[in-house]
Amino acid sequence: MTRLTIDPVTRVGGPLRVDLDVQGGVVRDAWVAATMFRGVERTLIGRDPRDAWLMAQRICGSCNGVHGLASVRAVERALGITIPANARLVRNLVAGAQLVTGHVTGFYRRQLPDWVDIVAAVEADPTAASELARSIGDSPAASVAYFRRVRERLAALVDSGQPGIFAPSLGGNGSRLTPAAALVLGAHSLEALEWRRTMTRLQTFLGGKSPHPQTLVVGGMALTPPWGGPARATGEHPRRPQTSAPAALSERGLHVIQMLIDGARDFVDQVYLPDVLYLADAHRGAAELGRGLGNLLAFGDFPEDDSDEPRLLLPRGRLMDGDLTTIDAVEEAGIAESAAHAHYDAAADLVHPSDGRTEPRYQGPPPPVATLEGVTRYSWAKAPRYWDDPMETGPAARMAVAYAAGGPAGSVIARTLTNLGLAPDALGTTIGRIVARAIEAKLVVDRLEGWLTEIRTNLASGDLAFVDISAWDPSRWPAEVEGWSLGESPGGALGHWLRIRDRRIAAYQVIDGSTWNLSPRDGRGRRGALEEALVGTPVPDPATPIEVLRAVHAFDPCPACAVQ
Amino acid sequence: MHRPEDGLYAALTRRGMTRRAFLKFGAAMATALALPATYAPRITAAVERAPRLPVIWLRGQGCGGDTEAFLASAAPSVGELLLELLSVEYQDALMAPSGDAAVATRTGLAERYPNGYFAVVEGAIPTADDGMACAVGGRPFRDVVREVADGALATIAIGACAVDGGVPAASGGGTDAVGVADVAPKARLVNLPGCPVNVANVTATIAHYLAFDELPATDARHRPYFAYGGLVHNQCERRSHFEFGEFVLAWGDEGAQKGWCLYKLGCKGPETFANCPTVQYASGTSWNVKAGQGCIGCTMPRFWDSMGPAHARLPSTLPFAPNVTADQIGLALVGGVAALTVAHGTATYARELRNRVVGRRRAAAATRQATPAPTAELTLEPTPGSFPASAPASTASAPLDDEPRSTERPT
């Protein structure tokens, strides 16, 4: 028996620790601990509900803006506000761009180093890399000269003795990829770094800055078209001196946003999706690794109309025990959290978040912490459960629900999985989670242009409304009211709950997708989603637990989102 | 190990960076630092001879937003930063190794990086519960910060959380979170507040160090003047509307569509020192006021508690009768703040600053470092200074040393 600790787990959104009990080269038990707590839910109490989204969005800067959106939606539900169509569309654009950015950079920055050691690219033949790149994708940069330059750049880095973040990873251990593939994927990960800037520009146009966009308002968006509509170039008095970039909703700004969306789609189509499919194809037969709970939960997101129960681009639903034929409805009342194994002053009972409290008190061993085995309260993450069951959330759950729901999205998912020789229930495995993320990025990036077109159509028809301020004045608010929102962060099913009393926030609770995935054990001792997925993972050599890292990163977990 | 004799420019060209791109970088940095264009060649020349600077980047109680901001750097691009300018040895969001292998890159720092390294701290540092509200490698983050920051050539606290605790330190948080200054008092600290930090200010600070072999001049709160020396209000593109008395009165109204002043909806531009209006975000794409939402004062000390609520005017801003109107305030402020405008970007600035702050810091560094930094030949002789005695008039009169809000009241 071997005890194995990985702390810090790097390439995730905050401090994370994994403890493993390894017997006979296989993980027998696992403890996943989020090791940071900030108290955002607590600092929100007493503040103006109209400001809540500003602080709530600081929960995560990697999953940029999603908590601001979830928060503003919860306040709007509490106050009975329906936002204008234009505001919904801009919010979809911002959140959609974030999801695509997160998935693409997540693959190249956080997951890929587990599958390939970029340093191996130094040995690669640029001709072979060029041929490989042309055979798997459509990237315009695929010449021999291009790959020779990239190889020289990487070689200079390695030769300098200062590889920096490109220090050799475990990804080379048992890698099935050739040096040529390492060069192609390494080149693409450098390109993804640069590509990300175009996405930041898109988000900055619509959000004013990124991370932490600042254009939300309770009731809609602070973003406005120019007076008289986007086509009207002047009409300001005096004219703004700023000329470096057009305003987002001016004719020129909308044009630039369109081009940025085109660039986003091209990169997903030509580089990211082909790379993921290539990686998955090269690892056929490894599909069983990292199989998790089989209980999948998606709150769904991207409302496509303005009704109370809008159609969602990513549908809402729940699948149980690996059964992808029956979608259960999701009821907000079914969500509850247990702090039985978390560092809070709380009973072990499951509590609905509208009654939830956050009273932090560290109850683990004194530092330095050697092991978590046998420690009752070992994580800052609470354990959310849905009608008492642990659930996996995230792209795999969303794609499984979309697959089960059928329709055009369902057939895209089915076709992709068939081409890879994967069964639909393989979405809930290490490879499946990575593939699900790429399919989802494709579905969303293809929809961005449609939302922008709808905004342009509305503006052209004279609908310039981006905000409903009918409930802005607190004197019209009820004395006490509750609100909540269910949606999706890139990491998984996201909910915010709050109570407003006497114009102030009286209670606030957050359960993020990563809270579900990084959940510790609950009051009945059942493991969370990642813990369950780690059990059974082969660890032939404790010094190189590469399959464990692959399984963890395939969830793309975000401890900052999981624990606020 | 890096080779001190092997200059950056040689390394860059070997890696395929063109001379033109390199000159562009120098120009971009000169702009960010508000130095005259004639300084661009000097920056370029100095950076040419610098080896890649090792960086230990620690992340504590934060949201990762400053890492994300860093990764969106455009000039220099993030690829140039990571591959050519810096050697980011430890950064838990980016580095390939995990666990003990990761920790190893930030242990035995003095032996590992004999020519020195920069520490970057992102996120707040909890002190309650023995600091275990943020643990890395089973140890309190607080201890890791001390270990790394104390021996660094410089420690850059980026973002509001690392500067003064940020969100975790806002009232009610419960972890007694603090900034770097409170746990590592010996560190040579540069504070770059903001939520998140503007990456242009991070790269400009590093470029300043590489070019002049010293840190940029800072105020009593360790904030560089080049970034935090001017009021948002004075640099704002909507400032003229303030003076005309043209205000947005409700979200989406005619004034909002015409791009009028957001002061009446709570904009904290008149109370906030930052360079957002001039540097903006994503290479001048936009900033929050341009996009339609006022400033929330995120570069100011303890801003979550001191600058809120976001959509109401601060009661303490103006010492007038409570029934004074924003229009009257506007007229008064025009006179008041204009007198306090911080002038920067003169040659005097750069020369003075080399003679004072840097000299003092280098002297302190020399006593601490077993081996002098390889870039030391670029430095002037360390002259332990008497800052701010020799400060130029343009900065000496700036109300920056403490609590700018209380000193910029119009009379």
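Preceding this paragraph is the structure being described.
Model, not experiment: these values are computed from the prediction.

J.: Where do I start with the overall build of chain A in this structure?
T.: A count of helices and strands for chain A gives 15 helices and 14 strands. Taken over the C-alpha trace, chain A has a radius of gyration of 24 Å; the compact-globule value for 564 residues is 24 Å, and the two agree within 12%. Residues counted as buried form 66% of the 564 residues belonging to chain A. Across chain A, the fraction of contacts at a sequence separation of at least 24, relative to all contacts at a separation of at least 6, is 73%. Accessible surface computed for chain A: about 17,800 Å², of which carbon and sulfur atoms make up 51%. Between the averaged position of the 57 positive side-chain charges in chain A and that of its 65 negative side-chain charges there is a distance of 5 Å.

J.: I would appreciate a short explanation of the interface of chain B and chain A in the present structure.
T.: How large an interface is tends to be reported as the accessible area lost when its parts come together. In this complex, chain B contributes 97 residues to the contact, which on the side of chain A involves 95 residues. Buried area between chain B and chain A, summed over both chains or domains, comes out near 8,000 Å², and the portion from carbon and sulfur atoms is 57%. In terms of surface lost to chain A, no three residues of chain B exceed Leu83(B), Trp251(B) and Gln257(B), which account for 9% of the buried area on that side. Counting every contact that joins chain B to chain A gives three salt bridges. The partner of Glu68(B) in a salt bridge is Arg109(A), and the shortest N-O contact between them spans 3.1 Å. Run the count over chain B and chain A and you get 40 residue pairs in polar contact (both at pLDDT 80 or more). In terms of residues, the side of chain B that touches chain A owes the most to one element, helix H5 (residues 78-85) of chain B, which gives six residues.

J.: Can you walk me through the pattern of salt bridges in this structure?
T.: Pairs may arise between side chains of opposite charge once their charged atoms sit close together. All names here are of chain A. Evaluated as defined, the whole model comprises 51 salt bridges over all chains. For Asp19, the salt bridge identified is with Arg17, shortest N-O distance 2.9 Å. A residue is classified by how much of its surface remains accessible, and Asp19, at 2% relative accessible area, is buried. The salt bridge partner of Glu547 is Arg550, with a shortest N-O separation of 3.1 Å. Residue Glu547 and its partner Arg550 are both found in helix H14 (residues 546-554); the two are separated by three residues, about one turn of the helix. Looking at Glu547, the relative accessible area reads 18%, which means it is buried. Residue classification places Arg550 among the buried positions, given a relative accessible area of 4%.

J.: Looking at this structure, how should I read the sheet that holds strand E12 (residues 480-489) of chain A?
T.: Within a beta sheet, neighbouring strands are joined by backbone hydrogen bonds and run either parallel or antiparallel to one another. All names here are of chain A. Taken in spatial order, the three strands line up as E12-E13-E14 in an open sheet, and their pairing is antiparallel. The open sheet terminates on both sides in strands that have one partner only, identified here as E12 and strand E14 (504-511). Strand-to-strand twist across the sheet, computed as the mean angle between neighbouring axes with direction ignored, equals 15°. Here 10 bridges tie E12 to strand E13 (residues 492-501), and the two strands are oriented antiparallel to one another. The residue of E13 that forms the bridge with Gly487 is Leu494. Packed on one face of the sheet, helix H3 (residues 66-79) meets E12, E13 and E14 and runs near 145° to E12.

J.: Looking at this structure, how should I read the pairing of strand E10 (residues 335-338) of chain A?
T.: The two faces of a sheet get side chains in turn, since along a regular strand they alternate between them. All names here are of chain A. Burial along E10 is two-sided: Ile335 and Glu337 facing one way and Ala336 and Ser338 facing the other are all buried. Bridge count between E10 and strand E11 (residues 383-386): four bridges; the pairing is antiparallel. By the bridge assignment, Glu337 is partnered in E11 with Pro384.

J.: Would you mind showing me how to read H14(A) here?
T.: In an α-helix, one turn spans 3.6 residues; hence positions three or four apart end up facing the same way. Residue and element names in this part refer to chain A. Among the nine residues that make up H14, nine are buried, leaving the element largely enclosed by the rest of the structure. Contact partners of the buried residues in H14: strand E1 (2-6), strand E2 (16-23), strand E3 (26-34), helix H4 (85-111), helix H11 (430-460) and helix H13 (529-534). Of the residues one or two after H14, Asp556 is the one with positive phi, at around 45°.

J.: How do you make sense of the environment of Leu448(A) when you look at a structure like this?
T.: Residue and element names in this part refer to chain A. By secondary structure assignment, the location of Leu448 is in helix H11. Leu448 gets classed as buried once you look at its relative accessible area, which sits at 0%. In sequence terms Leu448 and Leu93 are 355 residues apart; their C-alpha atoms lie 6.0 Å from each other. With sequence-adjacent residues up to four places away left out, Leu448 is seen in contact with Leu93, Gly96, Ala97 and Ile261.

J.: Where do I start with the state of the cysteines in this structure?
T.: Put plainly, a disulfide is one covalent bond tying together the sulfur atoms of two cysteines. All names here are of chain B. For the structure shown, the criterion picks out zero disulfides over all chains. With no disulfide of its own, Cys63 has Cys195 as its nearest cysteine by sulfur position, at a separation of 6.2 Å. Of all cysteine sulfurs, the one in Cys298 lies closest to Cys276, which takes part in no disulfide; the gap is 6.0 Å. Classification of Cys276 by relative accessible area gives buried; the value is 11%.

J.: Just checking my understanding: could you explain the layout of surface pockets for this structure?
T.: Residue and element names in this part refer to chain A. The space that makes up the largest pocket amounts to roughly 840 Å³. Every residue lining the largest pocket is counted, 26 residues in all, and those nearest its centre are Arg77, Pro303, Ser307, Asp308 and Pro310. At the level of secondary structure, the elements contributing two or more residues to the lining of the largest pocket comprise H3, H4, strand E7 (301-303) and E12. No other element matches E12, which puts four residues into the lining of the largest pocket. By residue class, the composition of the lining of the largest pocket is eight nonpolar, seven polar and 11 charged.

J.: Sorry, what's going on with H3(A) here?
T.: Relative to the 20 Å expected for 14 residues at 1.5 Å per residue, H3(A) spans 20 Å between its end C-alpha atoms, a close match to the ideal helical length. Within H3(A) the residues assigned to the buried category are Val66(A), His67(A), Gly68(A), Leu69(A), Ala70(A), Ser71(A), Val72(A), Ala74(A), Val75(A), Glu76(A), Ala78(A) and Leu79(A).

J.: Explain the packing of aromatic side chains to me, please; I cannot follow it from the model alone.
T.: Aromatic ring pairs are described here by two measures, namely the spacing of the ring centres and the angle between the planes. Residue and element names in this part refer to chain A. The tally for this structure, following the rule as stated, stands at 19 aromatic pairs over all chains. For the ring pair Phe37 and Tyr344, a centre distance of 5.7 Å and an interplane angle of 75° mean the geometry is edge-to-face. Pair noted here: Phe37 is in the loop between E3 and helix H1 (40-44) and Tyr344 is in the loop between E10 and E11, with a separation of 307 residues, a long-range link. A relative accessible area of 3% places Tyr344 in the buried class. With 4.9 Å between their ring centres and 15° between their planes, Trp195 and Phe267 make a pair best called stacked. With Trp195 in helix H7 (residues 179-207) and Phe267 in helix H8 (residues 251-282), this pair connects stretches of sequence that are 72 residues apart. Among the aromatic residues, ring-to-ring pairing joins Phe107, Tyr108, Trp195, Phe267 and Tyr272 into one connected group. The ring of Trp484 has Arg77 sitting right over it, with the charged end atom 3.7 Å from the ring centre. It is Arg550 that lies over the ring of Trp115; its NZ or CZ is 4.1 Å from the centre.

Conventions we followed
- Residues numbered from 1 in each chain as written.
- Chains lettered and ligands numbered in written order.
- Predicted model: local features only at pLDDT ≥ 70, side-chain atom pairs only at ≥ 80, totals over all residues.
- Heavy atoms only, no water.
- Helix = DSSP H or I, 4+ residues; strand = E, 2+ residues; numbered from the N terminus.
- Rg over C-alpha atoms; globule rule 2.2 N^0.38 Å.
- Buried < 20%, exposed > 50% of the residue type's maximum accessible area, 1.4 Å probe, protein only.
- Contact = heavy atoms within 4.5 Å.
- Areas by Shrake-Rupley, 256 points an atom, 1.4 Å probe, with all protein chains shown as cover.
- Lys, Arg positive; Asp, Glu negative; His and termini not counted.
- Charge placed at Lys NZ, Arg CZ, Asp CG, Glu CD.
- Buried area = accessible area lost by both parts, 1.4 Å probe.
- Salt bridge = Lys/Arg side-chain N within 4 Å of Asp/Glu carboxyl O.
- Polar contact = N/O pair within 3.5 Å; in protein donor to acceptor, adjacent residues only side chain to side chain.
- Pairing = 2+ DSSP bridges.
- Axes fitted to C-alpha atoms, helices over the stretch in contact; angles between N-to-C directions.
- Disulfide = S-S within 2.5 Å.
- 1 Å grid on protein atoms, 1.4 Å probe; cavity = no way out; pocket = protein on both sides within 12 Å on 5 of 7 lines; lining within 4 Å.
- Points joined across faces, edges and corners; volume = space filled by probe spheres on them.
- Nonpolar A, V, L, I, M, F, W, Y, C, P; charged D, E, K, R; others polar.
- Expected span 1.5 Å × (residues − 1).
- Phe/Tyr/Trp six-rings, centres within 6.5 Å; stacked < 30°, edge-to-face > 60°.
- Lys NZ or Arg CZ within 6 Å of the ring centre and 35° of its normal.

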